[in-house]
Amino acid sequence: RGRRPRVPHRGAMARAKGTPVGEAQRRRRRVCVLTGVGRRLTARLELNALLAIIAPAGARLIGGGCALYLPRPEDESLELRTYYDQDADQRPRRQAYLDSHRPVAGLGPIGEAVTTRTPRLITLETASPDDLYLAPIGSHAYLALPLRLQERVTSVLVLWLFNPARDFTPHDSTLDE
C-alpha cells in the first residue's frame, strides 16, 4: 500500500530515451570494442594477408594495377609479392610478365625508388625508350613508391595506369607518407 514507484537511475533513463548522454556512452563503448578488434586483427594478420589487402586497394584507388615488391636478401632483385589489376582478363598476363622481369635495386625507376627512398613517376614522355614497365604491359604511366619503416625501405608499391584518360596527380606521390 504505501510503496513508492521505482525510479530508474538517471543514466539508464538517458540510454533508454536516446539522449546525448546515452548516445555518447554507446559510441564510446562501440569505439572501444572496434579498436580492440582492430588491434587483435592487426597483431594476427600475416604478411601475405596484409599484401592481399593492399594491392586491390591500390588498384581500385587509381583504377589500374598495383604491385608490391620486396627486396630479396640473397640478391639485389626485388621479388613480386603480389599484383592486382582492375582488368581481370589482363591480370594473369601482366602478373606473369612482371614476375619474369624483376626490378633490381638501384637500376631503373623502380629499383631507384629503393636506393634513393624517393617516389618515381614515370610517363611515356619521361621514360627511357627501353623501359620494361610501360609499353610491354600496356601502361602509359606508373608510380613507384618506396614504403619505409623508420629509415629502411621495406618494399616498393608500384601503381600502373592503363586508361589513357587517367593521369597521376601531384598528390599521388605522397601516398607513401
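The text that follows walks through the structure, step by step, so that each part is easy to find. (Residues numbered from 1 in each chain as written. Predicted model: local features only at pLDDT ≥ 70, side-chain atom pairs only at ≥ 80, totals over all residues. Heavy atoms only, no water.)

**Quick notes on the pairing of strand E1 (residues 65-71)**
Which entries qualify depends on this criterion: We call a residue buried when its accessible area falls under 20% of the maximum for its residue type, exposed when it is over 50%, and partly exposed in between, using a 1.4 Å probe and counting protein chains only. The secondary structure listing takes helices from DSSP runs of H or I that are at least 4 residues long and strands from runs of E that are at least 2 residues long, numbered from the N terminus. A pair of strands is treated as paired once DSSP finds two or more bridges between them.
With six of seven residues buried, E1 is to be regarded as a mostly interior element. Here E1 runs beside strand E5 (residues 152-161); their pairing, made up of five bridges, is antiparallel. Looking across to E5, one finds that Gly-65 is bridged to Trp-160.

**Quick notes on the packing of aromatic side chains**
Each aromatic ring pair is characterised by the separation of its centres together with the angle its planes make. Quick reminder of the rule: Only the six-membered ring of Trp is used, alongside the rings of Phe and Tyr, when aromatic pairs are assigned; centres must lie within 6.5 Å, and planes under 30 degrees apart are stacked while those over 60 apart are edge-to-face, with the rest tilted. Charge-over-ring contacts are defined here by two conditions on Lys NZ or Arg CZ: a distance within 6 Å of the ring centre and an angle within 35 degrees of the ring normal.
Going through the model one piece at a time under the given rule, you end up with three aromatic pairs. Relative to Trp-160, the ring of Tyr-83 has its centre 6.0 Å away and its plane inclined at 65°; by these criteria the two rings are edge-to-face. Residue Tyr-83 is located in strand E2 (residues 78-85), and its partner Trp-160 is located in strand E5; the two are separated by 77 residues in the primary sequence. Given a relative accessible area of 5%, Tyr-83 falls into the buried group. Relative to Trp-160, the ring of Tyr-142 lies with its centre 6.1 Å away and its plane at 40°, an arrangement referred to as tilted. Linking Tyr-142 in strand E4 (residues 141-149) with Trp-160 in strand E5, this pair joins segments that are 18 residues apart in sequence. On the basis of relative accessibility, which here comes to 0%, the residue Trp-160 falls in the buried class. Sitting over the face of the ring of Tyr-84, Arg-91 holds its NZ or CZ atom 4.2 Å from the ring centroid.

**A few points about the sheet that holds E2**
Stated formally: Orientation is described by lines fitted to C-alpha atoms, with helices fitted over the stretch in contact, and by angles between N-to-C directions that extend from 0 to 180 degrees. Any pair of residues with heavy atoms lying within 4.5 Å of one another is described as a contacting pair.
Strand order across the open sheet formed by five strands is E2-E1-E5-E4-E3, with antiparallel pairing between neighbours. Each having just a single partner strand, E2 and strand E3 (120-123) make up the two edges of the open sheet. Adjacent strand axes in the sheet meet at a mean angle of 20°, parallel and antiparallel pairs treated alike. Examined bridge by bridge, E4 and E5 share nine bridges and lie antiparallel to one another. Opposite Leu-143, over in E5, you have Leu-159 as the bridge partner. Against the sheet, helix H4 (residues 91-100) contacts E1, E2 and E5, and its axis sits at roughly 170° relative to E2.

**Re the pairing of E5**
In terms of residue burial, E5 counts as a mostly covered element, since eight of its ten residues are buried. Taking the residues between adjacent antiparallel strands as the criterion, E4 and E5 are bridged by two residues, where Gln-150 takes a positive phi near 60°.

**Observations regarding H4**
As a reminder, the rule being used: Regarding the arc, it is the one traced by the directions from the helix axis to the C-beta atoms.
All buried positions along H4 are accounted for by Arg-94, Tyr-97 and Leu-98. Take H4 and look down its axis: the buried residues cluster within an arc of 95°, on one side only. In H4, the exposed positions angled more than 90 degrees off the buried face are occupied by Pro-92 and Ser-100. Check the buried side of H4 and you find it contacts E1, E2 and E5.

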